Amino acid sequence: MIEGENRTGPIRPQRFHETAGLEDWRVVGEGACAYFRTGSFAVGAQLVRAIGELPGVLDDHPDVDLRREGVTVRLITLTDDYYGLTERHIDLAGQISALARSLDIAADPSAVQTVQVTVDALSVPGVVPFWRALLGYRDRAGSGEDLVDPGGRGAPFYFQAMDAPRPQRNRVHVDVWLPYDEAEARIAAALAAGGRLVSDVDAPSNRVLADPEGNEACVGVAGPPEPAAGQR
């Protein structure tokens, strides 16, 4: 670490992905995530307990989801003016991976994803209050277009402004954020299952697919690392 470096300063997904030792983790739409296959609730609880005992872990408030077969950990900062990753998350991710290895628990990056619901609206300020009240969500930091579940469980909602009515297209669609090294396979599976590619103009960061009846979904990828010099 460079002396005087701001460990709470914001970072981009690519910075996270290019850091050695974080191979267990992938940045998706809602932060840096890792999935550890524990095989049992008891082993998962052991990992969660060990994470809770890390020095300073409460300062970073990791989201931890314990299930029967595995543990999902999400790292993200949510304040009044920032929603994203910081340098501190790099350190914490490395410590959590080290804990998992010490307990002989393997990570499975392919199991990571984030699902977001996107609503097209002619007047975003006009519709957001309805959804905020209905869902019991709150505004994402610094945004009047995003709502997030304060409990960290439900899918986030994003409200996308339209410049004109689009009656010929659906107004609500799903965004699926996938690890940078899993998106191609997932897209291929969706196309093989009857879908079609609507647009890849923003590939690889975003591609639009549709089901056989025209209902759309977007596949997003956050900050893949730059290829090594010999692979360019």
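Above: the structure in question.
Just so it is clear, the model here is predicted, and its values are computed rather than measured.

Student: Is there a simple way to think about unusual backbone geometry in this case?
Tutor: Backbone phi values are negative for most residues with the exception of glycine, while trans is the configuration of most peptide bonds. A cis amide bond links Ala-203 with the next residue in sequence, Pro-204, at an omega value of 5°. With respect to the helices and strands, Pro-204 occurs in the loop between strand E14 (196-199) and strand E15 (206-210). Even without being glycine, Asp-104 reaches a positive phi, approximately 60°.

Student: Please clarify how the sheet that holds strand E12 (residues 157-161) should be interpreted in this entry.
Tutor: Read across the open sheet, the eight strands follow the order E10-E11-E12-E9-E13-E16-E15-E14; overall the sheet is mixed. Edge positions in the sheet fall to strand E10 (138-139) and E14, since each of these pairs with one other strand and no more. Both strand E13 (residues 172-178) and strand E16 (residues 216-221) contribute to a ladder of five bridges, which runs parallel. Bridging across to E16, Val-174 finds its partner in Ala-217. Helix H5 (residues 183-192) rests against E13, E14, E15 and E16 of the sheet, and its axis sits at about 15° to E15.

Student: How should I be thinking about the side chain of Ser-143 in this particular structure?
Tutor: Residue placement: Ser-143 occurs in the loop between E10 and strand E11 (146-148). A distance of 3.0 Å separates a polar atom in the side chain of Ser-143 from the backbone nitrogen of Glu-145. Only 2.5 Å separates the side chain of Ser-143 from the side chain of Asp-146, close enough to count as a polar contact.

Student: Sorry if this is basic, but what is going on with the environment of Glu-69 here?
Tutor: Tracing the sequence through the fold places Glu-69 in the loop between strand E4 (63-66) and strand E5 (70-75). Sequence separation between Glu-69 and Glu-30 is 39 residues; the distance between their C-alpha atoms is 22 Å.

Student: How should the layout of surface pockets be read in this particular structure?
Tutor: In this model, the largest pocket occupies a volume close to 1,000 Å³. Forming the boundary of the largest pocket are 37 residues, of which Glu-30, Asp-63, Arg-74, Gly-152 and Arg-153 lie nearest the centre. Sorting the residues of the lining of the largest pocket by element identifies strand E3 (31-37), E4, E5, strand E6 (77-78), strand E7 (83-86), helix H3 (87-102) and strand E9 (114-121) as the ones contributing at least two each. Across the lining of the largest pocket, the residue classes tally to 13 nonpolar, 13 polar and eleven charged. Computed from the structure, the second largest pocket encloses a volume of approximately 490 Å³. The wall of the second largest pocket is formed by 19 residues, among which Arg-12, Pro-13, Val-28, Gly-29 and Tyr-83 lie closest to the centre. The set of elements that each furnish at least two residues to the lining of the second largest pocket consists of strand E2 (26-28) and E7. In terms of residues, the lining of the second largest pocket owes the most to one element, E7, which gives three residues. Grouping the constituent residues of the lining of the second largest pocket by class yields eleven nonpolar, four polar and four charged.

Student: How should the packing of aromatic side chains be read in this particular structure?
Tutor: The geometry of two aromatic rings is summed up by the distance between their centres and the angle between their planes. Here the structure, examined in full by the defined rule, presents five aromatic pairs. With a centroid separation of 5.5 Å and 35° between ring planes, the pair formed by Trp-131 and Phe-157 is classed as tilted. You can see Trp-131 sitting in helix H4 (residues 124-135) and its partner Phe-157 sitting in strand E12, a full 26 residues away along the chain. Taking relative accessible area as the criterion, Trp-131 reaches 24% and is therefore assigned partly exposed. Residues Phe-157 and Phe-159 carry aromatic rings whose centres are separated by 6.4 Å and whose planes lie at 35° to one another, so their mutual orientation is tilted.

Student: Would you take a moment to explain the packing of helix H2 (residues 41-52) against H3 for this structure?
Tutor: If you want to describe how two helices pack, look at the angle between their axes and the distance between the axes. Taken N-terminus to C-terminus, the directions of H2 and H3 make an angle of 140°; their axes are 10 Å apart at the nearest point. By the angle between their axes, H2 is oblique relative to H3. At the point where H2 passes H3, the crossing takes the right-handed sense. In this structure, H2 uses Leu-47, Ala-50 and Ile-51 to contact H3, whose residues at the interface are Ile-96, Leu-99 and Ala-100. Residue composition of the contact of H2 with H3, by class: six nonpolar, no polar and no charged.

Rules used in this analysis
Residues numbered from 1 in each chain as written. Predicted model: local features only at pLDDT ≥ 70, side-chain atom pairs only at ≥ 80, totals over all residues. Heavy atoms only, no water. Helix = DSSP H or I, 4+ residues; strand = E, 2+ residues; numbered from the N terminus. Pairing = 2+ DSSP bridges. Contact = heavy atoms within 4.5 Å. Axes fitted to C-alpha atoms, helices over the stretch in contact; angles between N-to-C directions. Polar contact = N/O pair within 3.5 Å; in protein donor to acceptor, adjacent residues only side chain to side chain. 1 Å grid on protein atoms, 1.4 Å probe; cavity = no way out; pocket = protein on both sides within 12 Å on 5 of 7 lines; lining within 4 Å. Points joined across faces, edges and corners; volume = space filled by probe spheres on them. Nonpolar A, V, L, I, M, F, W, Y, C, P; charged D, E, K, R; others polar. Phe/Tyr/Trp six-rings, centres within 6.5 Å; stacked < 30°, edge-to-face > 60°. Buried < 20%, exposed > 50% of the residue type's maximum accessible area, 1.4 Å probe, protein only. Parallel < 35°, antiparallel > 145°, perpendicular 65-115°, else oblique. Left-handed = near helix turned anticlockwise from the far one by under 90°.

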